[in-house]
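Observations on chain architecture
Read off the chains here:
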Amino acid sequence: MWLPLLGLLLGIVLGFMTDFQIPAAYENYLSIAVLAALDTLFGGIRAQLQQVYDDKVFVSGFFFNIALAAALAFLGVHLGVDLYLAAIFAFGVRLFQNIAVIRRILLSRFAEKNVSTK
Amino acid sequence: MNNKKTNRGKILLSLVSLTLGFILAFSYSLSQQRSAEQVDLITFNQTEEVREQLIQQKERNKELSEELQAVQTKIREYEQQAGSNTSSLEELVKTAEALRLLTGEVAVKGPGYKVELQDGEYDPNQVNPNDYIVHEGHVYMVINELKIAGAEAISVNGKRIHETSYIRCTGPVITVDGETFPAPFVIEAIGNPETLADAAELSGGILDQLRTEQIRIETQKLSELVMQSMHSGS
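Read on for an overview of the structure. (Residues numbered from 1 in each chain as written. Chains lettered and ligands numbered in written order. Predicted model: local features only at pLDDT ≥ 70, side-chain atom pairs only at ≥ 80, totals over all residues.)

**Things to note about the pairing of strand 7 (residues 185-190) of chain B**
Residues and elements named next belong to chain B. Across the six residues that make up strand 7, a large majority, five, are buried. Pairing of strand 1 (residues 108-118) with strand 7, which is carried by six bridges, proceeds in the antiparallel orientation. Paired with G112 across the strands is I190, a residue of strand 7. (Buried ≥ 20, exposed ≤ 12 C-beta atoms within 10 Å, placed from the backbone. Helix = DSSP H or I, 4+ residues; strand = E, 2+ residues; numbered from the N terminus. Pairing = 2+ DSSP bridges.)

Quick look at the structure:
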């Protein structure tokens, strides 16, 4: 359990220590990457709760989604079309859906527990 | 077998959380930087705006002082016309003219006397610089002495001194009517050069006193000295 947490801390420290500038035009990639990462994370949590979690799917999804989103934003910048909006939209909707599913599962578990203790 | 699998899963999960942490922290610090830059931009724009206003105000001031000078020239013309009409008024016009010289409202030309006060030479590491620099009090003393000796018009570094003038100490420089001047301070006075020089050079008098306070003094009698009106310049 402590290993992923350690990795998270290390990543945060590295992120704060990294001190290079990226041009304003490429900031979109970063925001997309953040969204993709969050989406995959919540997707993983949902899968875990639904007992369909598979680490291969999770890890490949994590990196593939980030790369895909960045590529889409890159393409959008060069075509002059705000394609990153599509990524933001897709990931945003999925993020909300995942969180909603997680909430339902947790709620139903909580309700079951209450019934059983009564 | 199962244990191995969960181990691998943990390592992969660590990798994922490392990447996540990195991305989150990096974009956070980046957005902080951006907002800081924006704040810089805003203050820069404000400074620019205020500077613009200041420039406009200064231009307006200049215009107004030019207008004032023009109006005063006109008034003098009218008076002279009136004076040439009636002989009794002629005296009054002359008096007005003389008084204007004293109050600094018009430019003056005539023989005069010049005193230049320069900071004494010193090593700031060894002595107190306050004992060696020209203070506003010294300038006062010279001005008062010259006035007593009959100076009709006085200026400090080209700035005409009039009845509401003020001289203020502002650190190593002095402010005369809102304008700052560094040393050396050139005090010019229009009047009889001999009288003014004698009064200043009186043994035990003002210049002797300043010399004992480590101030370097240069004096000069001038056969012709031109002094601006108090309204000219900024």
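After presenting the structure, the write-up continues.
**Quick notes on the interface of chain A and chain B**
Counting residues at the interface gives 22 residues for chain A and 20 residues for chain B. For the side of chain A that touches chain B, the element with the highest residue contribution is helix 1 (residues 2-17) of chain A, accounting for 12 residues. For the side of chain A that touches chain B, the per-class residue count stands at 16 nonpolar, five polar and one charged. (Contact = placed C-beta atoms within 7 Å. Nonpolar A, V, L, I, M, F, W, Y, C, P; charged D, E, K, R; others polar.)

**Quick notes on the sheet that holds strand 1 of chain B**
All names here are of chain B. Judged by pairing direction, the sheet is antiparallel, and its five strands sit side by side in the order 3-2-7-1-8 without closing on themselves. Both edges of this open sheet fall to strand 3 (159-161) and strand 8 (216-227), since each of them pairs with a single strand only. For this sheet the average axis-to-axis angle between neighbouring strands, irrespective of direction, equals 25 degrees. In the packing of helix 3 (residues 136-148) onto the sheet, the strands contacted are strand 1, strand 2 (153-156), strand 3 and strand 7, and the crossing angle to strand 7 comes to about 10 degrees. Helix-sheet contacts for helix 4 (residues 193-201) involve strand 1, strand 7 and strand 8, and the interaxial angle to strand 1 is about 20 degrees. (Axes fitted to C-alpha atoms, helices over the stretch in contact; angles between N-to-C directions.)

**What about unusual backbone geometry?**
Across residues other than glycine, the phi torsion is negative in most instances, and most of the peptide bonds are trans. Residues and elements named next belong to chain B. Although it is not a glycine, D177 adopts a positive phi angle of roughly 50 degrees. Along the polypeptide, D177 turns up in the loop between strand 5 (173-176) and strand 6 (179-181). Despite not being glycine, Q214 has its phi angle at roughly 65 degrees, a positive value. Its place among the elements puts Q214 in the loop between helix 5 (206-212) and strand 8. By C-beta crowding, Q214 is classed as partly exposed, having 15 other C-beta atoms within 10 Å.

**Let's talk about the sheet that holds strand 6 of chain B**
Residue and element names in this part refer to chain B. Taken in spatial order, the three strands line up as 4-5-6 in an open sheet, and their pairing is antiparallel. The open sheet terminates on both sides in strands that have one partner only, identified here as strand 4 (167-170) and strand 6. Across the sheet, the mean angle from the axis of one strand to that of its neighbour is 30 degrees, orientation sign disregarded. Bridge analysis of strand 5 against strand 6 gives three bridges, and the strand direction is antiparallel. By the bridge assignment for strand 6, T175 is matched with T180. Packing against the sheet, helix 3 makes contact with strand 4 and strand 5, and its axis sits at approximately 160 degrees to strand 4.

**Overview of the packing of helix 2 (residues 27-49) of chain A against helix 3 (residues 55-79) of chain A**
Residue and element names in this part refer to chain A. Packing of helix 2 against helix 3 leaves a shortest axis separation of 8 Å and a crossing angle of 155 degrees. Between helix 2 and helix 3, the angle is such that the two are roughly antiparallel. Helix-helix and strand crossings are classified by hand; for helix 2 and helix 3 the assignment is right-handed. Residues N28, Y29, I32, A33, A36, A37, D39, T40, G43, G44 and A47 of helix 2 form the contact with helix 3, whose participating residues are F58, G61, F62, N65, I66, A69, A70, A73, F74 and V77. (Parallel < 35°, antiparallel > 145°, perpendicular 65-115°, else oblique. Left-handed = near helix turned anticlockwise from the far one by under 90°.)

**Overview of the pairing of strand 1 of chain B**
One ladder, built from 10 bridges, connects strand 1 of chain B with strand 8 of chain B; its direction is antiparallel. Looking at the pairing, V108 of chain B lines up with M227 of chain B of strand 8 of chain B.

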